[in-house]
Amino acid sequence: MPLLTKAAADPAAPLTKTGPDGPPGEGRRPRRPLGRHNLYGWLFSTPFLVLFAVFMAFPIVATLLMSFTDFGARHVTRPVEAQFVGLENYTKLFEDDRFLKALFNTAYFVVVGVPLTILLGLLVAILLNNGIDRARTFFRVGFYAPVVTAIVAVAVVWRFVLDPSDGLIAGLASELGLTAPDFLGSETWAMPSLIAMAVWRNLGTVMVLFIAGLQAIPADVREAARLDGAGAWQEMRRITVPLLRPTMLYATVITSIGYLNVFEEPFVMTQGGPSDATLTVSLDMYREGFNFFHMGYASAMAYVLFVVITGITVLQLRLLKDNTR
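Note that the structure is predicted; figures quoted are calculated from it, not measured. (Residues numbered from 1 in each chain as written. Predicted model: local features only at pLDDT ≥ 70, side-chain atom pairs only at ≥ 80, totals over all residues. Heavy atoms only, no water.)

A. Examining the overall build of the protein chain more closely. When its secondary structure is counted, the protein chain shows 14 helices and 0 strands. For the protein chain, the α and β elements follow one another from N to C terminus as α-α-α-α-α-α-α-α-α-α-α-α-α-α. In the protein chain, buried positions account for 34% of the 325 residues. For the protein chain, the share of sequence-separated contacts (at least 6 apart) that also reach a separation of at least 24 residues comes to 65%. A total accessible area of about 20,500 Å² is found for the protein chain, and carbon and sulfur atoms account for 66% of it. (Helix = DSSP H or I, 4+ residues; strand = E, 2+ residues; numbered from the N terminus. Buried < 20%, exposed > 50% of the residue type's maximum accessible area, 1.4 Å probe, protein only. Contact = heavy atoms within 4.5 Å. Areas by Shrake-Rupley, 256 points an atom, 1.4 Å probe, with all protein chains shown as cover.)

Take a look at the structure:
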């Protein structure tokens, strides 16, 4: 016969909680000191903290300090010899015609590229979520494939498409009796060509975000709108877009940050040409830092770009904050 507990043997005895949260008694586990838990947490976090400090925090602080000096190639082995120049690098930036051209090109890239990416991504997401029933997974993978494709492979494809003599567009134009322009060699067409390439390459990311947002909209809301007589356009305007505003905010912010940092497309395709028509801030910063070894000047460029990105992100959050509640 199993042994009876004290409560079972004496029903009149008061019940006492003997679990981990009750008073001391039989079956209660001793609590470990809180400091030991904190110590274990810090020990497990140490590898990340070391890597973050060495490869992130230290370079960020060092770059900020470097932007106030004349740090160059001669100071790599003797950094203490770099002279403090204050805000001279920052004032020179806004007197540098090349930097101002790069700033304008970056703004052009963002102002045109971000709305195109968001609108096309939303359109494709709606079609894949509602309008296409067969081979839906195939189309999703196809639209997302450029996101995970190496920039070199993307550059090879787009060079073939945009080649003025043997490219795909040139071949189609010749069939129609037309002559295709030199897209990457023209100051007029070079930046629009890079924007088209960037939109094509980043469309998949925005598409996936919007598909997730569309699938989170309750079906009851759509059915109620249809029962009230709402058409496709009214459903899109009154139901889909308002409920997608949080997703749209996130997609706009990350796309804007990526396009403000645009580097790979002009670096691989045009090297900033022709005549600096596709020179961006990130590419100009790379040139100043690693081609001309004006590292203090390049560091100032990096922090100007950081301030611009922060300001635009805060502005976007403020403009769309009330609509996402």
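There is more to say, and it comes next.
B. Structural detail: the packing of helix α9 (residues 219-227) against helix α10 (residues 232-243). Put simply, α9 and α10 touch, their axes get as near as 10 Å, and they point 165 degrees apart. The angle between α9 and α10 falls in the class roughly antiparallel. As for the relative orientation of α9 and α10, their crossing is right-handed in sense. Of α10, the residues touching α9 (which contributes Val221, Arg222, Ala225 and Arg226) are Glu235, Ile239, Thr240 and Leu243. Its residues assigned to classes, the contact of α9 with α10 comprises 4 nonpolar, 1 polar and 3 charged. (Axes fitted to C-alpha atoms, helices over the stretch in contact; angles between N-to-C directions. Parallel < 35°, antiparallel > 145°, perpendicular 65-115°, else oblique. Left-handed = near helix turned anticlockwise from the far one by under 90°. Nonpolar A, V, L, I, M, F, W, Y, C, P; charged D, E, K, R; others polar.)

C. Fine view of the nonpolar core. Of all hydrophobic cores here, the largest spans 54 residues; its most connected members are Leu93, Phe109, Ile118, Phe210, Tyr259 and Met269. Contributing elements (two or more residues each) for this core: α3 (88-93), α4 (97-131), α6 (151-162), α7 (168-175), α8 (190-215), α11 (245-260), α13 (281-291) and α14 (295-321). Contacts of phenylalanine 109, omitting those with residues within four sequence positions, involve Val114, Met191, Leu194, Ile195, Ala198, Tyr259 and Val262. (Core = buried A, V, L, I, M, F, W, Y, C linked by side-chain atoms within 4.5 Å.)

D. Representation of the side chain of threonine 270 in the model. Mapping threonine 270 onto the fold places it in the loop between α12 (264-269) and α13. Within the structure, threonine 270 has its side chain in polar contact with the side chain of threonine 278 (distance 2.6 Å). Not counting residues within four places of it along the chain, the set of residues in contact with threonine 270 comprises Leu184, Leu194, Glu265 and Thr278. (Polar contact = N/O pair within 3.5 Å; in protein donor to acceptor, adjacent residues only side chain to side chain.)

E. Main features of the packing of helix α5 (residues 136-144) against α8. The geometry of α5 relative to α8 is characterised by a closest axis approach of 7 Å and an angle of 140 degrees between their N-to-C directions. Overall, the two elements α5 and α8 adopt an arrangement that is oblique. The residues of α8 that touch α5, namely those facing Arg140, Phe143 and Tyr144, are Leu203, Gly204, Thr205, Met207, Val208, Ile211 and Gln215. Per-class residue counts for the contact of α5 with α8 are 6 nonpolar, 3 polar and 1 charged.

F. Spotlight on the environment of phenylalanine 109. The residue phenylalanine 109 is located in helix α4 in this model. Under the relative-accessibility criterion, phenylalanine 109 is labelled buried at 2%. Note: C-alpha distance between phenylalanine 109 and tyrosine 259 (150 residues apart in sequence) is 7.0 Å.

G. Representation of the pattern of salt bridges within the structure. In the structure shown here, the tally under the stated rule is 7 salt bridges. With a shortest N-O distance of 3.2 Å, glutamate 81 and arginine 78 are connected by a salt bridge. Residue glutamate 81 is classed as partly exposed on the basis of its relative accessible area of 45%. With a relative accessible area of 42%, arginine 78 lands in the partly exposed category. As a salt-bridge pair, arginine 98 and aspartate 276 come within 3.7 Å of each other at their nearest N and O atoms. Of this pair, arginine 98 sits in helix α4 while aspartate 276 sits in the loop between α12 and α13, and the two are 178 residues apart along the sequence. On the accessibility criterion, arginine 98 (32% relative accessible area) is partly exposed. (Salt bridge = Lys/Arg side-chain N within 4 Å of Asp/Glu carboxyl O.)

H. Region of the structure containing unusual backbone geometry. With omega at -5 degrees, the peptide bond leading from glycine 273 into proline 274 counts as cis. Relative to the assigned elements, proline 274 resides in the loop between α12 and α13. For serine 275, which is not glycine, the phi dihedral falls at a positive 55 degrees. Here serine 275 is to be found in the loop between α12 and α13. Positive phi, normally seen in glycine, also occurs at aspartate 276, with a value near 60 degrees.

I. Highlighting the environment of leucine 168. You can see leucine 168 is positioned in helix α7. Judged by its relative accessible area of 44%, leucine 168 falls in the partly exposed class. Between the C-alpha atoms of leucine 168 and valine 157, which are 11 residues apart in sequence, the distance is 10.0 Å. Every residue in contact with leucine 168, bar those within four places of it in the chain, is listed here: Phe160 and Val161.

J. Structural view of the packing of aromatic side chains. Applying the stated criterion across every chain, the model contains 13 aromatic pairs. Here phenylalanine 183 and tryptophan 189 contribute two aromatic rings whose centre-to-centre distance is 5.7 Å and whose plane-to-plane angle is 80 degrees, an arrangement assigned as edge-to-face. Assessed through its relative accessible area of 11%, phenylalanine 183 is described here as buried. Taking 5.4 Å as the distance between ring centres and 35 degrees as the angle between the ring planes, the aromatic pair formed by tyrosine 286 and phenylalanine 290 counts as tilted. Here tyrosine 286 and its partner phenylalanine 290 are both found in helix α13, 4 residues apart, which amounts to about one turn of the helix. Given the relative accessible area of 29%, tyrosine 286 is considered partly exposed. Grouped by ring-pair contacts, the aromatic residues Phe263, Phe267, Tyr286 and Phe290 constitute a single cluster. (Phe/Tyr/Trp six-rings, centres within 6.5 Å; stacked < 30°, edge-to-face > 60°.)

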